[in-house]
Amino acid sequence: MCGIIGIAGRSTVTERLVEGLKRLEYRGYDSSGIAILDGGELKRERAEGKIKSLEAKLKDGMIDGHTGIAHTRWATHGVPNETNAHPHFFGRVGVVHNGIIENFLELRASLPDNHFRTETDTEVVAHLIDDALTRGLDSKAAFQDCLKKLRGAYAFGVIIDGVKDQIFCARAGSPLAIGIGDDEMYLGSDAMALAQLTNRLIYLEEGDWAILSPDSVDIFDKSGASVTRAETIISGGPAMAEKGNYRHFMLKEIYEQPETVGRTLANYVDEFNLTADLPEGLNFSEYDRIVIIACGTACYAAMVAKYWFEQLAGIAVDVDVASEFRYRQPVLSPKSLFIAVSQSGETADTLAALRYCKDHGVRTAALVNVMTSTMAREADIALPINAGPEIGVASTKAFTSQLTALASLALSAAKSRKDLSRDAEIRLARALIKTPRKIKEALELDAQVEQIAFELSKSRSAFYLGRGSQVPIALEGALKLKEISYIHAEGYAAGELKHGPIALIEDGTPVIVIAPYDPLFEKTISNLQEVASRGARIILITDDIGAKSAGNMASETIVVPSSDSFVAPIIMSIAIQLLAYHTAVHLGTDVDQPRNLAKSVTVE
Ligand code: M6R
C-alpha cells in the first residue's frame with residue numbers, strides 16, 4: 001500500500017527521499033512523487049509507474065531543499081496516473097497520505113473553492129488546511145482544524161509553503177513512525193523506509209499528530225494535549241532488506257526457511273526437554289473457544305491451526321477472514337480467546353477485528369512478524385514469529401513461521417488442557433524440532449520443481465487439491481500461483497470437486513494434489529483418480545511411501561521428505577512455494593512486486 005517518507009533536516013533531502021522510496025517499493029505501488037520546501041517554497045515532481053521514472057524526471061530539473069516529503073501510491077480513488085500521484089498541492093499546502101478519507105465528497109462540497117484537480121480523496125486535505133490558513137489560523141491550528149473534520153483511515157505528511165523546516169503529520173488507522181536523527185527528524189510509514197537514516201523510532205499511537213523540526217518533535221494526542229511516546233531502537237539495519245545473490249526476494253525468503261522456522265521454534269519449543277510451554281500471559285485452559293482471524297495467506301495458516309487445536313487440544317476454533325468477521329456480528333463470550341494472525345501486524349481488516357474483540361471484552365493475542373506493529377502494541381498478548389523482514393509481496397517464510405508458531409501453541413494448549421500424554425508431547429515436539437532440517441531437504445527439490453513449473457506455465461488455469469490439514473495448503477498453493485504468475489488457480493478440499501468444479505476438468509488441466517501418506521491418503525488418491533480419468537494432468541506432491549502407494553496416474557510426482565503428519569503442512573508448503581515461484585519466473589512476471597498487489601493492506 002501507499003508508503004510515506006519525510007525528512008526535516010539541515011542538509012539536502014531529495015536523494016535520500018528517493019532512496020527511502022525505493023525501500024518502500026516492496027509495499028506495492030503504481031506511481032510516486034516527492035515535494036520539497038526549496039528555500040521555503042513548495043516544489044514537486046511526480047511520475048506514473050516505477051520509481052526510476054521519477055528519478056529520470058528529477059534529473060531533468062533537480063529540486064532540492066532541507067525539508068521534504070515523498071510517497072509511493074497504491075491507487076484507491078482515481079486511476080494510477082501522474083495527476084493522481086502524491087504529493088497533492090493546493091494553495092500553500094503539500095500532502096502525502098496513506099489510507100482513505102471516507103467523507104471526502106462531503107468535505108469537498110463544504111469548501112469555498114471546490115475546484116479539484118484530481119480524482120483522489122487526499123486532495124481535500126490540502127484544500128482544508130489551505131482554507132484554514134486563509135481564515136487566519138496559524139499552521140498548527142490549521143492542521144488540527146483539518147484533522148477534526150476527517151473520517152476514515154489516514155497517515156499524513158504535510159509541508160506548508162513559507163513554514164520553513166517543518167513537517168506536520170498524523171495517524172488514525174494507518175501506521176506512521178517518526179525517526180530521530182542528529183539534527184534531523186524523519187517520517188516513515190514503516191521502519192524499512194527509515195532503515196538507512198536511523199534506528200531510533202517513535203510509533204505514533206491512534207489519533208496522534210506531530211510537528212517535526214530538525215531538532216525537535218512535538219507530539220499531541222487526539223484531544224490536542226502534548227504527549228510523550230516511547231522511543232524504540234530497531235535492530236537489523238539497512239542490510240536487512242538486501243537480496244544478496246538471489247534473483248528475487250521471494251526466492252531468498254523461500255531459502256531462508258530452515259533458519260526462520262528454527263528461530264520461530266526457539267521461541268516456543270524447548271528442544272532439550274521436548275516440550276512446548278505456554279507463552280507468558282496465555283493459559284488455554286481458561287478458554288472454551290479460540291477465534292482466529294486473518295487475511296490471505298495468514299488466514300490459511302489459521303485454517304491449518306484449526307485442525308491442530310481441535311485435534312490435539314480439543315478446543316473449538318473458529319477461523320474467519322478479517323474483512324467479514326466484525327460485520328457478521330459474531331457471537332463472542334468472555335471465555336473466547338481471539339488470535340489475530342498477521343505478518344505485518346498492520347492489515348486494516350485484521351486490526352479492526354482485533355479492536356472489535358477488545359471492545360467486546362474478549363482477550364486478544366496477536367501473532368505477528370513485526371513486533372513494533374499496531375497489532376502487537378494493541379493486543380493483550382503479542383506473540384512473535386521471528387521470521388525477519390519479509391519483502392516479497394507473496395508471503396512464504398512468514399507463512400511457515402506462522403504455521404510453526406501455531407503448531408507449537410496447539411501443542412502447549414493440549415498440554416495445559418491435559419489432553420496429551422507425555423509420550424505424545426515428546427513425539428510432536430520432536431517432529432517440530434526436525435522441521436528445519438526437513439525444509440532444507442525439501443529445498444533440494446528446486447531443480448525438479450523448476451522443470452515441472454515450465455509445463456505449468458503454459459496453462460491458463462490450475463487446481464490444487466488436499467484433504468484435512470492439507471486443504472489450507474491447497475488454498476495457499478492456488479493463491480501463491482495466482483498472485484505471482486497470474487494463472488487462474490483454485491484450491492479445493494479433494495472430496496468437494498465432484499460437487500461442481502469437476503465440470504471444469506478437461507484434457508490437460510493441471511491438478512496439483514497434495515497428499516502426504518497419512519490416514520486420508522487413500523481417499524485423496526481416489527479423488528486424484530476421478531480427475532485423472534477425465535484427462536487432468538496430475539502433479540502429485542507426496543512423500544516416499546505416498547509415491548510408492550499412489551499408482552501411476554500422476555504425470556509428475558514431487559517427493560518431499562517424510563515427516564510426522566502433524567508437521568506435514570509445513571513441509572508441503574515448500575513445494576507449492578517453489579512451484580509458484582518458478583512458474584512466475586518462466587512467465588517473466590514481476591515476482592516480488594506483482595501487479596495490483598500491496599505487501600500490507602492498510603485500507604479496508
Ligand atoms: O500482513 P498480513 O499477514 O496481515 O497480510 C495478509 C495478506 O494480505 C497476505 O498474506 C497476502 O495474502 C499475501 N500477498 C499472500 O502472499
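Residues numbered from 1 in each chain as written. Predicted model: local features only at pLDDT ≥ 70, side-chain atom pairs only at ≥ 80, totals over all residues. Heavy atoms only, no water.

*Asks:* Would you take a moment to explain the environment of Val227 for this structure?
*Replies:* Relative to the helices and strands, Val227 is located in strand β14 (residues 226-227). Between the C-alpha atom of Val227 and that of Ala210, which follows or precedes it by 17 residues, the distance is 9.7 Å. The residues contacting Val227, other than those within four sequence positions of it, are Ile219, Phe220 and Asp221. (Helix = DSSP H or I, 4+ residues; strand = E, 2+ residues; numbered from the N terminus. Contact = heavy atoms within 4.5 Å.)

*Asks:* Can you walk me through the pattern of salt bridges in this structure?
*Replies:* As a working rule, side chains carrying opposite charge can pair if their charged atoms are close by. Applying the stated criterion across every chain yields a total of 38 salt bridges. Here Asp130 makes a salt bridge to Arg92, at a shortest N to O gap of 2.9 Å. Residue Asp130 is located in helix α4 (residues 123-134), and its partner Arg92 is located in the loop between β5 (88-90) and β6 (93-101); the two are separated by 38 residues in the primary sequence. Note on Asp130: relative accessible area 7%, which makes it buried. The residue Asp145 makes a salt bridge to Arg135 at a minimum N-O spacing of 3.0 Å. Taken together, the residues span a long stretch of sequence, with Asp145 in helix α5 (residues 139-149) and Arg135 in the loop between α4 and α5 at a distance of 10 residues. Using a relative accessible area of 17% as the deciding quantity, one classes Asp145 as buried. (Salt bridge = Lys/Arg side-chain N within 4 Å of Asp/Glu carboxyl O. Buried < 20%, exposed > 50% of the residue type's maximum accessible area, 1.4 Å probe, protein only.)

*Asks:* Any chance you could explain the packing of helix α13 (residues 397-416) against helix α19 (residues 568-587) here in plain terms?
*Replies:* When two helices pack together, their arrangement is given by the angle between their axes and by how far apart the axes lie. Interhelical geometry of α13 versus α19 gives an angle of 170° and a closest axis separation of 10 Å. One finds that α13 runs roughly antiparallel with respect to α19. Contact with α13, carried on its side by Phe399, Thr400, Leu403 and Thr404, involves Pro569, Ile570, Ser573, Ile574 and Gln577 of α19 and no other residues of that element. Its residues placed into classes, the contact of α13 with α19 shows five nonpolar, four polar and no charged. (Axes fitted to C-alpha atoms, helices over the stretch in contact; angles between N-to-C directions. Parallel < 35°, antiparallel > 145°, perpendicular 65-115°, else oblique. Nonpolar A, V, L, I, M, F, W, Y, C, P; charged D, E, K, R; others polar.)

*Asks:* Whenever I open this one, the sheet that holds β14 confuses me. Can you help?
*Replies:* Two pairing modes exist for strands in a sheet, parallel and antiparallel, and in both the strands are linked by backbone hydrogen bonds. Ordered by their spatial adjacency, seven strands build an open sheet running β5-β6-β7-β8-β12-β13-β14, and the pairing between neighbours is antiparallel. Each edge of the open sheet is held by one strand with a lone partner, namely β5 and β14. Pairing between β5 and β6: three bridges, direction antiparallel. In the sheet register, His88 faces β6, and the bridge partner there is Val95. (Pairing = 2+ DSSP bridges.)

*Asks:* What am I meant to see in the site of the ligand here?
*Replies:* With respect to spatial proximity, 13 residues lie near the ligand, and among them Ser342, Gln343, Ser344, Thr347 and Glu483 are the closest. Take Gln343: an N or O atom from its main chain is 2.6 Å from an oxygen atom of the ligand. Between the ligand and Thr347, the relevant distance is 2.4 Å, taken from an oxygen atom to a side-chain nitrogen or oxygen of the residue. For the shell around the ligand, the elements supplying multiple residues, two or more each, are α9 (296-313) and α16 (471-485). Its residues assigned to classes, the shell around the ligand shows four nonpolar, seven polar and two charged. (Near = heavy atom within 4 Å. Polar contact = N/O pair within 3.5 Å; in protein donor to acceptor, adjacent residues only side chain to side chain.)

*Asks:* When you look at the sheet that holds strand β3 (residues 41-48) in this model, what are you seeing that I'm missing?
*Replies:* Pairing in this open sheet of eight strands is antiparallel, and the strands run β3-β2-β4-β1-β10-β9-β11-β15 from one edge to the other. The open sheet is flanked by β3 and β15 (231-233), the only strands paired with a single partner. Neighbour-to-neighbour, the strand axes of the sheet open up by a mean angle of 20°, direction not taken into account. For strand β2 (residues 31-38) and strand β4 (residues 67-73), the ladder comprises seven bridges, and the chain directions are antiparallel. Residue pairing for β4: Ala35 is matched across the bridge by Ile69.

*Asks:* I tried to follow the domain arrangement of the protein chain on my own but got confused; where do I start?
*Replies:* The accessible area lost on association of the parts is a frequent measure of interface size. Per the domain assignment, the segments making up the protein chain are domain 1 (3-240) and domain 2 (249-587). Spacing between the C-alpha centres of domain 1 and domain 2 amounts to 37 Å. Contacts between domain 1 and domain 2 engage 12 residues on the former and 11 residues on the latter. Here domain 1 packs against domain 2, burying approximately 890 Å² in sum over the two surfaces, 58% of which is carbon and sulfur. Here domain 1 and domain 2 share one salt bridge between them. The salt bridge involving Glu206 is made with Arg355; its shortest N-O contact spans 3.4 Å. Our enumeration of links across domain 1 and domain 2 arrives at three residue pairs in polar contact (both at pLDDT 80 or more). Its residues assigned to classes, the side of domain 1 that touches domain 2 shows seven nonpolar, two polar and three charged. (Domains from an automatic or database assignment. Buried area = accessible area lost by both parts, 1.4 Å probe.)

*Asks:* In this structure, what is going on with unusual backbone geometry? I would like to understand it.
*Replies:* Phi is mostly negative for residues that are not glycine, and the peptide bonds are mostly trans. Across the junction of His86 and Pro87, the peptide omega takes the value 0°, indicating a cis bond. Mapped onto the secondary structure, Pro87 falls in the loop between β4 and β5. Notably, Asp183 is not glycine yet its phi reads approximately 60°, a positive angle. Its location among the elements puts Asp183 in the loop between β9 (177-180) and β10 (185-188). Looking at Asp183, the relative accessible area reads 46%, which means it is partly exposed. Phi at Tyr486 is positive, roughly 65°, even though this residue is not glycine.

*Asks:* How should the pairing of β2 be read in this particular structure?
*Replies:* Two faces, one strand: in a regular strand the side chains alternate between the faces of the sheet. With seven of eight residues buried, β2 is to be regarded as a mostly interior element. Relative to β3, β2 runs antiparallel, the two sharing eight bridges. From the neighbouring strand, Ser32 faces β3, where its bridge partner is Ala47.

*Asks:* Can you help me understand the packing of aromatic side chains in this one?
*Replies:* The way to describe two aromatic rings as a pair is by their centre distance and the angle between their planes. Evaluation of the coordinates by the stated rule reveals 11 aromatic pairs. Look at Tyr154 and Phe156: their rings are 4.9 Å apart centre to centre, the planes differ by 20°, and that puts the pair in the stacked class. With respect to class, Tyr154 is no different from Phe156; both count as buried. Here the aromatic residues Phe143, Phe168, Trp209 and Phe220 are joined through ring pairs into a cluster of three or more. The ring of Phe89 has Arg44 lying over it, and the distance from NZ or CZ to the ring centre is 4.5 Å. (Phe/Tyr/Trp six-rings, centres within 6.5 Å; stacked < 30°, edge-to-face > 60°. Lys NZ or Arg CZ within 6 Å of the ring centre and 35° of its normal.)

*Asks:* Which parts of the structure should I look at to understand the side chain of Glu184?
*Replies:* Along the chain, Glu184 turns up in the loop between β9 and β10. Contacts of Glu184, omitting those with residues within four sequence positions, involve Ile7, Ala8, Gly9, Arg10, Ser11, Arg16, Gly179 and Pro214.

*Asks:* What should I look at first to understand the side chain of Asp130 in this one?
*Replies:* Within the structure, the side chain of Asp130 is placed 2.9 Å from the side chain of Arg92, a separation counted as a polar contact. Residues in contact with Asp130, not counting those within four places in the same chain, are Phe90, Gly91, Arg92 and Val93.

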